[in-house]
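Coordinate analysis (summary)
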Amino acid sequence: MPDHLLLSSLLICGLGGLLGAVGGLFGIGGGLIAIPALGLLFGMDQQLAQGTALVMIAPNVLIGFWQYRKRADIALRTAVVLACPRCWRPGCRHARPPRWTRSCCGASSRCS
């Protein structure tokens with residue numbers, strides 16, 4: 001069992017390094033690669049992979065916010081007032097079936 005844990009940890013670190021390198025090299029978001037990679041390498045369904053990719057960006061967003069806040073003024077009160085209703089809205093908490101998510105993401109990628 002410890003070998004499996006070590007292999008999984010190495011695979012996760014390698015995926016993180018690959019996402020960072022490709023994202024920095026090509027200027028694309030890591031989610032473009034992370035979602036399919038999480039599905040193929042870790043057997044996640046698309047919904048779980050998308051949620052995991054969203055959690056992966058949280059540290060970047062917080063660090064970026066902190067750095068920007070040091071250099072420029074941010075209207076925090078306005079940002080909080082605009083952000084909070086999105087979090088409390090009941091409709092944003094329900095889960096959509098994976099088939100619906102796949103079809104919408106596929107249509108979105110074909111249209112862009």
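The model shown is predicted, which means the values in this text are computed figures rather than measured ones. (Residues numbered from 1 in each chain as written. Predicted model: local features only at pLDDT ≥ 70, side-chain atom pairs only at ≥ 80, totals over all residues. Heavy atoms only, no water.)

1. Quick look at the layout of surface pockets
Volume-wise, the largest pocket comes out at about 210 Å³. Lining the largest pocket are 13 residues, with Leu 19, Gly 30, Gly 31, Met 56 and Asn 60 sitting closest to its centre. Looking at the lining of the largest pocket, the elements that each hand over two or more residues are α1 (2–26) and α3 (46–71). With 5 residues, α1 is the single largest residue contributor to the lining of the largest pocket. Looking at side-chain class alone, the lining of the largest pocket contains 5 nonpolar, 8 polar and no charged residues. (1 Å grid on protein atoms, 1.4 Å probe; cavity = no way out; pocket = protein on both sides within 12 Å on 5 of 7 lines; lining within 4 Å. Points joined across faces, edges and corners; volume = space filled by probe spheres on them. Helix = DSSP H or I, 4+ residues; strand = E, 2+ residues; numbered from the N terminus. Nonpolar A, V, L, I, M, F, W, Y, C, P; charged D, E, K, R; others polar.)

2. Here's the deal with the nonpolar core
If you look at the biggest cluster of nonpolar residues, it comprises 6 residues: Leu 15, Leu 19, Ala 34, Ala 37, Leu 38 and Ala 49. For this core, the secondary structure elements donating two or more residues are α1 and α2 (31–42). Examining the composition of this core, we find that 3 residues originate from one element, α2, more than from any other. Not counting residues up to four positions away in its chain, the partners in contact with Ala 49 are Ile 35, Leu 38 and Met 44. (Core = buried A, V, L, I, M, F, W, Y, C linked by side-chain atoms within 4.5 Å. Buried < 20%, exposed > 50% of the residue type's maximum accessible area, 1.4 Å probe, protein only. Contact = heavy atoms within 4.5 Å.)

3. Section: the pattern of salt bridges
Here the structure, examined in full by the defined rule, presents 1 salt bridge. With its nearest N and O atoms 3.7 Å apart, the salt bridge here joins Arg 69 to Asp 73. (Salt bridge = Lys/Arg side-chain N within 4 Å of Asp/Glu carboxyl O.)

4. Some words on α2
Buried within α2 we find Ala 34, Ala 37 and Leu 38. Along the axis of α2, the buried positions cluster into a sector of 105°, meaning they face one direction only. Exposed and oriented more than 90 degrees from the buried face of α2 are Leu 32 and Leu 40. (Arc of directions from axis to C-beta.)

5. A few points about the UniProt feature "transmembrane region" (unreviewed entry) in the protein
As annotated in UniProt, the feature "transmembrane region" (unreviewed entry) corresponds to residues 12–42 and 48–68 in the numbering used here. Spanning residues 12–42, this segment combines 87% helix with 0% strand, and its end C-alpha atoms are found 9 Å apart. End-to-end, the C-alpha atoms of residues 48–68 are 30 Å apart, and along that stretch the chain is 100% helix and 0% strand. (UniProt positions renumbered as here; feature names shortened; annotations may be inferred.)

6. A closer look at a nonpolar patch on the surface
Taken together, the side chains of Leu 25, Phe 26, Ile 28 and Leu 32 present a nonpolar region at the surface, about 460 Å² in accessible area. Positionally, Leu 32 belongs in helix α2. (Patch = residues over 30% accessible without salt bridge, like charges linked within 9 Å, V, L, I, M, F, W, Y side chains within 5 Å. Areas by Shrake-Rupley, 256 points an atom, 1.4 Å probe, with all protein chains shown as cover.)

7. Section: the packing of α2 against α3
Helix packing geometry: the angle between the two helix axes and the distance between the axes. α3 packs onto α2 with a crossing angle of 135° between their chain directions and a minimal axis gap of 9 Å. It follows from the interaxial angle that α2 and α3 lie oblique. Crossing geometry of α2 relative to α3 is assigned as right-handed. Mapping the contact onto sequence places Ala 34, Ile 35 and Leu 38 in α2 and Gln 46, Ala 49, Gln 50, Thr 52, Ala 53 and Met 56 in α3. When the residues that make up the contact of α2 with α3 are grouped by side-chain class, the tally is 6 nonpolar, 3 polar and no charged. (Axes fitted to C-alpha atoms, helices over the stretch in contact; angles between N-to-C directions. Parallel < 35°, antiparallel > 145°, perpendicular 65-115°, else oblique. Left-handed = near helix turned anticlockwise from the far one by under 90°.)

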